[in-house]
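Structure assessment
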There are 2 protein chains.
Amino acid sequence: MDAKSLFSPEGVAVIGASRNPGKIGSIILKNLRITYRGRLFPVNTNASEIQSLRTYHRISDIKEQVDLAIIAIPAEGVLKVLKDCEKKKVRFAIVISAGFKESGESGTRLENEIKAFLRTSRIRVIGPNCLGVINTNPTYNATFIDPNSRPAEGKTAFISQSGALLSAIVDDATAEKIGFSKIVSIGNAIDIDEAEMLDILQRDDKTSVIALYLEGLSDGKKFIKNAQEVSKSKPIIILKGGTSKMGASAVTSHTGSLAGNNTSYELAFKRVGAIRVKNIDDLFNFMRDAPNMRVKSDEIIIVTNAGGAGVVATDALSAAGLRLAKMGNNITNELAKELPRGANINNPVDVLGDATPERYRSAIDIVAKLNKPIITLFSPQEVSMPIETAKEIYEVQLKNPGLPILPVFLGGTQVEKARRFLRDKNMPAYSYPHEAVDIIEGLYSYSTFSQPSFSVYNGVKYKAPAIRADKNLFGMAAKDLFDKMGIKTAPGVVFKTEQDMRKAASKIGYPCVLKIGSDKVVHKGEIGGVVVGIKTDEELKRAFDGVKSRAAENHVKPIDYELYKDVSRTDKTRIEILLGAHRDPQFGTMLGIGLGGEYAEILQEAFFMLVPMSDKDLADFKNSKVGRIVSTAVKRKVMDDLLGYAIKISKFMEANPKIKDLDINPLFIFDDDVVATDFKIFVE
Amino acid sequence: MDAKSLFSPEGVAVIGASRNPGKIGSIILKNLRITYRGRLFPVNTNASEIQSLRTYHRISDIKEQVDLAIIAIPAEGVLKVLKDCEKKKVRFAIVISAGFKESGESGTRLENEIKAFLRTSRIRVIGPNCLGVINTNPTYNATFIDPNSRPAEGKTAFISQSGALLSAIVDDATAEKIGFSKIVSIGNAIDIDEAEMLDILQRDDKTSVIALYLEGLSDGKKFIKNAQEVSKSKPIIILKGGTSKMGASAVTSHTGSLAGNNTSYELAFKRVGAIRVKNIDDLFNFMRDAPNMRVKSDEIIIVTNAGGAGVVATDALSAAGLRLAKMGNNITNELAKELPRGANINNPVDVLGDATPERYRSAIDIVAKLNKPIITLFSPQEVSMPIETAKEIYEVQLKNPGLPILPVFLGGTQVEKARRFLRDKNMPAYSYPHEAVDIIEGLYSYSTFSQPSFSVYNGVKYKAPAIRADKNLFGMAAKDLFDKMGIKTAPGVVFKTEQDMRKAASKIGYPCVLKIGSDKVVHKGEIGGVVVGIKTDEELKRAFDGVKSRAAENHVKPIDYELYKDVSRTDKTRIEILLGAHRDPQFGTMLGIGLGGEYAEILQEAFFMLVPMSDKDLADFKNSKVGRIVSTAVKRKVMDDLLGYAIKISKFMEANPKIKDLDINPLFIFDDDVVATDFKIFVE
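Residues numbered from 1 in each chain as written. Chains lettered and ligands numbered in written order. Predicted model: local features only at pLDDT ≥ 70, side-chain atom pairs only at ≥ 80, totals over all residues. Heavy atoms only, no water.

This next bit is on the overall build of chain A. A tally of helices and strands in chain A yields 25 helices and 32 strands. Projected onto the principal axes, the alpha-carbon positions of chain A cover approximately 95 × 80 × 45 Å. Classification of the 684 residues of chain A by burial places 61% in the buried group. Of all intrachain contacts in chain A linking residues separated by at least 6 positions in sequence, the fraction that spans at least 24 positions is 70%. Working note: accessible area of chain A is about 27400 Å², and carbon and sulfur atoms make up 49% of it. Between the averaged position of the 94 positive side-chain charges in chain A and that of its 84 negative side-chain charges there is a distance of 5 Å. (Helix = DSSP H or I, 4+ residues; strand = E, 2+ residues; numbered from the N terminus. Buried < 20%, exposed > 50% of the residue type's maximum accessible area, 1.4 Å probe, protein only. Contact = heavy atoms within 4.5 Å. Areas by Shrake-Rupley, 256 points an atom, 1.4 Å probe, with all protein chains shown as cover. Lys, Arg positive; Asp, Glu negative; His and termini not counted. Charge placed at Lys NZ, Arg CZ, Asp CG, Glu CD.)

Structure below.
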């Protein structure tokens, strides 16, 4: 989409401009008057002049070109105004007005009417129920943020689903002099959503980093597609707020409940290479520093004037999965020459508490030769020259452009000016070691991200059966379907009478498992409807009588019974696996492979992949705990069988969009075989 | 110990006071001149006057009483000066001087000489290699911290093992006006260590919270004893830096490698009810706010003017294991009356973006009736009156003394004054929701801590065999010992010849396991020295030939062989458990119960307890993943058997201090039995 008229509009109308200085429409007009250099047209049905600007009664009264309209009138009037804007050939409207979906039924109706109109119109809309948009080059501030908050120009674009968080961050950013390229409050995203905004910002050459505050997504798959494209050239930083409520299916399916609320977002962010931050202060640091830094190594050098600070930083590195760089003899020899006796010439390099700025400088100069990220730690001590030290660090940075140097100045009054000095030079400067570590961790993960390939998944030529999927399937009905899918199941027979049971037993052979067949009982084990390890005719008879009487106790009327081969009763090495799929409302199917059997819910040990599974996903599974257990236990071929089943199930889920959940638990993995012994399919 | 002469000394001597203003001895004297109100005696062998004070050549020249000596002379002279101090009846010495254990061999020798002297002298020593001590009432600053850093009086005492971290925190605290009761740099802790300092501060009525920066401990058991005592009346906040290196035994024993570096400290902090913080900024917040707050409920109320901020705060609450309080109809009805339509009257209460300070006030007034912790969130928006809002919040706090109210003001310039206002009133004020949540989590865990009881452990009357423990024990030798301990093992026989093997087999019965018996091979499976599931004489013969030939291939000369009953080959429900003990150098024995078998190392699922195990430890084990698997799988009696074995092993470790590690893996748990089938004991 061409966003030129959004970000460099020729003519801006403020519809709902107000004479009352406290009103939103008045604040927006004021912000625009201060910041926008083009023609500004206040629109107000009753006024002819506001803030010394000629004011129009309606947008059609304006003769000049208007690219962008800011709408801040009551919700009821918005549709009418949008229609007027369409006639006037306005390209973009930012609808500030609240009172839509977020406020209940009648608001939802208004929102749907607007949606219907937008389907056939050319005008594009941001909002409603949003704070507005800020651009820094060319400048305009079309928000009702306090005019004292004025973000400078920078290379980070910020998209926020929360207006309040946005205004807090803009306020903080003004104080900290953090620059932005664009700031967009996305609101209800009736038309332009987060995914489309990513696409717009990907094409924006003023933006080199995109930060997002997300609570949910209107279209997960579009988000993945666009975000993947963005990640090729620009890091995406995400603070994810809230936990998505899962469908009712999660309660009944093992896979769904193992996946939890957070997994699908984790998988989506992993797939697109987005950096997920833990909290608002991390988001803040990334906004400031990510545009100026690329981290290509996970081996870090620490230079410190305080042993304790070095220890704390090393702990943080190790918790983040990063490593202390090995220094090599050349470097340590050089350090030994420059540093006094008692200094630690290994990593973390300790320049000692009495280190002068010059000593700091020479140590950093030496380790900079390794071309690896450097964290410098300064703690005010005997010789406390923070500013001078900061200046020396800055000199090293000038000599080594592109080298990530992350200075941490611990302390308050004595060092605040040093941090300020570095930030004014566009260098990072932190108060605590973990801040530097978080930045390195995020930017390193971005730099090692590669676009997913799907050769294994696509290499499996498999036409999954499409089924009617109008009800849940358990027991024999599910077994038949899995057989059809080409997934090996334990032999089984349905029967109704004791006489048929004997025939079934002679066909299947002992040991076997007897199950009650009523499809009204999902969890048959709970009412004593399952007997395993039956080895003789007598045991079978006893099991049958027991199941019947327990069914009666539980007021369950069995329609039929099922007899399966008990494949678990064997000397062969085996493990019990859970293999399942869960359809996430946002991102489509997730496939899970976990430790199975009756301890699945307790262990909560499962590995999830987004469907289609990338080659990396499959490789990562083999390195996961579950994957390592499978490969420790069984032969290589069986791992391939297991993954083959996983891919078949994924394709089955794609072919049958009405199926919400699918569970095989347990799936027995033997040294030479993979056999499903219990299976459930849920359509709702 | 009576610390009166340490904290309210009558007469302070500064030995090593210097005329050179850059020298440590000069800075200390300057700090003391500014802060100490008693008689100050500079001591310097060459000067008669320093900083306008009469100066003594040696301490014996002083006629007046001197309770405290600050020693800042080169390491070599410290012992002599301490002897002079002892003669002069000085009660305490703070030895600033570095150049001891931390600087190598000759320093260690000096340190040991001083230690020897202190064993028979009355003088007590803090340091050496420390930054000094600060007291705020009565005031004295006996450190070489920059005189511009002047901590105010407060109720938090801070003990630090890192001088640099201490000076950074004092600097920051000065800027933030955070008060302290005492600040102690513990240094090499040659005499008074962290544990003793805890004991001193426990008796100090000026101190209500103790914060610690720890890297290691000189005496873990003494620390536990004293910290437990402190926790009865004062919260202990700990930032733990560094990871303790484990002994070599960790490499060979499963239990040791599962425990990792961090577990023993975790267990110790849990036992004493200490609050462990994640990083320096958390430590800082606790130092400031813990003295003024007690949190007795984990049900939290959030009042916000921004939905997004409420979402982020709720996420943080849930990650910390806290809950949103249920409000009840009375409260929501009252809120509905006071708040405008569109406001959320449920928790998190959303007073909306246009909330006035009065609206905030009335919402908080209402929810305060529930007497549960309240987090208020303020984000600068349309009606942005942060200071006025802060004032209203403060009014509610005045009306409800003791109620934890934790205001969060998101943003920078616009809200900084609001935070400042509240802090000046001794109220907390944070920039980010997670800060408030961390404080609540920590103080709630402190308030629910109770002193451990040991009725179950002590109730097991068991005299553990004491053994010579001069070498590692594997195989049959270990089995004999476990039999003696009363821990059931699988039947087994040692044999040398094929003929004896047949006798062994007929005694034990099939199925059985054949193992090579050379005690030079710790991991017998790796060289093919173990064959399981042997069911017939023929299979046994084949297994025997196989083991012999593989031993030859691996250049292992078997001394003998072992034949065990293969208890795993059964239809009975069973799980494989790892039961082991690891002796931690700091805190003594840790007992671990984990998922066992060949997947133990992959799953890393284990529960650890400090020996002796408290009743709560044992209850917590039953609720752990491993405990829940055991109780799902087997009968109640077997859980008791398992814990009985655990206690026996703990008592065995206590009776045999030379044993470093003990592993049973796997321990088979059947529905009616617990049987150890592989066991190792390591003495080094």
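Attention now goes to the nonpolar core. In this structure, Phe-223 and Ile-375 of chain A together with Ile-94 and Phe-223 of chain B are the most contacted members of the largest nonpolar core, which totals 219 residues. The next biggest cluster of nonpolar side chains, apart from the first, holds 107 residues, and it includes Ile-649 of chain A together with Val-513, Ile-647 and Ile-669 of chain B. (Core = buried A, V, L, I, M, F, W, Y, C linked by side-chain atoms within 4.5 Å.)

Residue and element names in this part refer to chain B. The strand order 9-8-13-11-14-15-16 describes an open sheet built from 7 strands, whose pairing is mixed. In this open sheet, the two strands that pair with only one neighbour each are strand 9 (139-143) and strand 16 (275-277). The average undirected angle you get between the axes of adjacent strands in this sheet is 15°. Alignment of strand 11 (residues 156-160) against strand 13 (residues 182-185), held across 3 bridges, turns out to be parallel. Looking at the pairing, Ile-159 lines up with Val-184 of strand 13. (Pairing = 2+ DSSP bridges. Axes fitted to C-alpha atoms, helices over the stretch in contact; angles between N-to-C directions.)

Residue and element names in this part refer to chain A. Looking along the chain, the bond that leaves Asn-347 and enters Pro-348 is cis, with omega of -5°. Although it is not a glycine, Leu-352 sits at a positive phi angle of roughly 80°. Mapped onto the elements of the fold, Leu-352 is located in the loop between strand 19 (349-350) and helix 14 (357-367). In this structure, Ala-469 is a non-glycine residue whose phi angle is positive, near 55°. Its location among the elements puts Ala-469 in the loop between helix 18 (455-459) and strand 22 (473-474).

What follows concerns the side chain of Arg-288 of chain B. Residue and element names in this part refer to chain B. Relative to the helices and strands, Arg-288 is located in helix 11 (residues 280-289). Within the local environment of Arg-288, its side chain forms a polar contact with the side chain of Asn-285, the two groups lying 2.8 Å apart. Here Arg-288 is in contact with Glu-176, Ile-178, Arg-423, Ala-429 and Tyr-430, once residues within four sequence places are set aside. (Polar contact = N/O pair within 3.5 Å; in protein donor to acceptor, adjacent residues only side chain to side chain.)

A separate point is the environment of Pro-452 of chain B. Residues and elements named next belong to chain B. Along the chain, the position of Pro-452 falls in the loop between helix 17 (433-447) and helix 18 (455-459). For Pro-452 and Thr-139, which are 313 residues apart along the polypeptide, the C-alpha to C-alpha distance reads 38 Å. When sequence neighbours within four positions are dropped, the list of residues in contact with Pro-452 reads Gln-228, Arg-271 and Ser-614.

For the rest of this paragraph, the subject is empty space enclosed by the protein. Tallying each qualifying case throughout the model produces 4 cavities of 30 Å³ or more. Here the residues of the lining of the largest cavity are counted per class, giving 4 nonpolar, 5 polar and 3 charged. (1 Å grid on protein atoms, 1.4 Å probe; cavity = no way out; pocket = protein on both sides within 12 Å on 5 of 7 lines; lining within 4 Å. Points joined across faces, edges and corners; volume = space filled by probe spheres on them. Nonpolar A, V, L, I, M, F, W, Y, C, P; charged D, E, K, R; others polar.)

Another aspect to go through is the state of the cysteines. Each disulfide consists of a covalent bond between the sulfur atoms of two cysteine residues. Residue and element names in this part refer to chain A. Scanning the entire structure with this criterion turns up 0 disulfides over all chains. Not part of a disulfide, Cys-85 finds its nearest cysteine sulfur in Cys-130, a span of 14 Å. On the basis of relative accessibility, which here comes to 0%, the residue Cys-85 falls in the buried class. (Disulfide = S-S within 2.5 Å.)

All names here are of chain A. Mapping Val-634 onto the fold places it in the loop between helix 24 (625-633) and helix 25 (636-655). Exposure remark for Val-634: the relative accessible area of 9% places this residue in the buried category. Residues in contact with Val-634, not counting those within four places in the same chain, are Ile-669, Phe-670 and Asp-671.

What follows is about the packing of helix 12 (residues 307-319) of chain B against helix 17 of chain B. Residue and element names in this part refer to chain B. Interhelical geometry of helix 12 versus helix 17 gives an angle of 30° and a closest axis separation of 9 Å. Here helix 12 is positioned roughly parallel relative to helix 17, judged by the angle of their axes. For the crossing formed where helix 12 meets helix 17, the hand is right-handed. In this structure, helix 12 uses Ala-309, Val-312, Ala-313, Ala-316 and Leu-317 to contact helix 17, whose residues at the interface are Pro-433, His-434 and Val-437. (Parallel < 35°, antiparallel > 145°, perpendicular 65-115°, else oblique. Left-handed = near helix turned anticlockwise from the far one by under 90°.)

Quick look at the sheet that holds strand 1 (residues 12-15) of chain A now. Residues and elements named next belong to chain A. Taken together, 5 strands build an open sheet; the order of strands is 2-1-5-6-7 and the sheet is parallel. At either end of the open sheet lies a strand with only one pairing partner, and these are strand 2 (40-43) and strand 7 (124-126). Each strand of the sheet is rotated relative to its neighbour by a mean of 20°, with strand direction disregarded. As paired strands, strand 1 and strand 2 are joined by 4 bridges and run parallel to one another.

What follows is about the environment of Ala-469 of chain B. With a relative accessible area of 10%, Ala-469 of chain B lands in the buried category. Once residues lying within four places of it in the same chain are set aside, the contact partners of Ala-469 of chain B are Lys-658, Ile-659 and Val-683 of chain B.

Quick look at the interface of chain A and chain B now. Residue-level contacts link 58 residues of chain A with 59 residues of chain B. Summed over both partners, the interface of chain A with chain B buries about 4900 Å², with 58% contributed by carbon and sulfur atoms. For the pair chain A and chain B, the interface holds 0 salt bridges. The interface formed by chain A and chain B includes 14 residue pairs in polar contact (both at pLDDT 80 or more). Broken down by secondary-structure element, the contributors of at least two residues to the side of chain A that touches chain B are helix 5 (163-176), helix 11 (280-289), helix 12 (307-319), helix 16 (413-424), helix 17 (433-447), helix 22 (600-603) and helix 24 of chain A. Considering every element that reaches the side of chain A that touches chain B, the biggest residue donor is helix 5 of chain A, with 7 residues. Here the residues of the side of chain A that touches chain B sort into 24 nonpolar, 18 polar and 16 charged. (Buried area = accessible area lost by both parts, 1.4 Å probe. Salt bridge = Lys/Arg side-chain N within 4 Å of Asp/Glu carboxyl O.)

For the rest of this paragraph, the subject is helix 4 (residues 105-119) of chain B. All names here are of chain B. The first and last C-alpha atoms of helix 4 sit 21 Å apart over 15 residues, in line with the 21 Å expected at 1.5 Å per residue. Inspection of helix 4 places Gly-107, Leu-110, Glu-111, Ile-114, Phe-117 and Leu-118 among the buried residues, and these make up the whole buried set. All buried residues of helix 4 lie within an arc of 120° about the axis, which places them on one face of the element. Residues Glu-105 and Arg-119 are exposed on helix 4 and point more than 90 degrees away from its buried face. The inward-facing, buried residues of helix 4 abut helix 3 (78-87) and strand 7 (124-126). (Expected span 1.5 Å × (residues − 1). Arc of directions from axis to C-beta.)

Looking now at the packing of helix 5 of chain A against helix 11 of chain A. Residues and elements named next belong to chain A. Where helix 5 contacts helix 11, the axes come no closer than 11 Å and their chain directions differ by 55°. Relative to helix 11, the element helix 5 lies oblique. Our pair here, helix 5 against helix 11, has a crossing hand that is right-handed. Contact residues: helix 5 offers Leu-165, Ile-169, Asp-172, Ala-173 and Glu-176, while helix 11 offers Ile-280, Leu-283, Phe-284, Met-287 and Arg-288.

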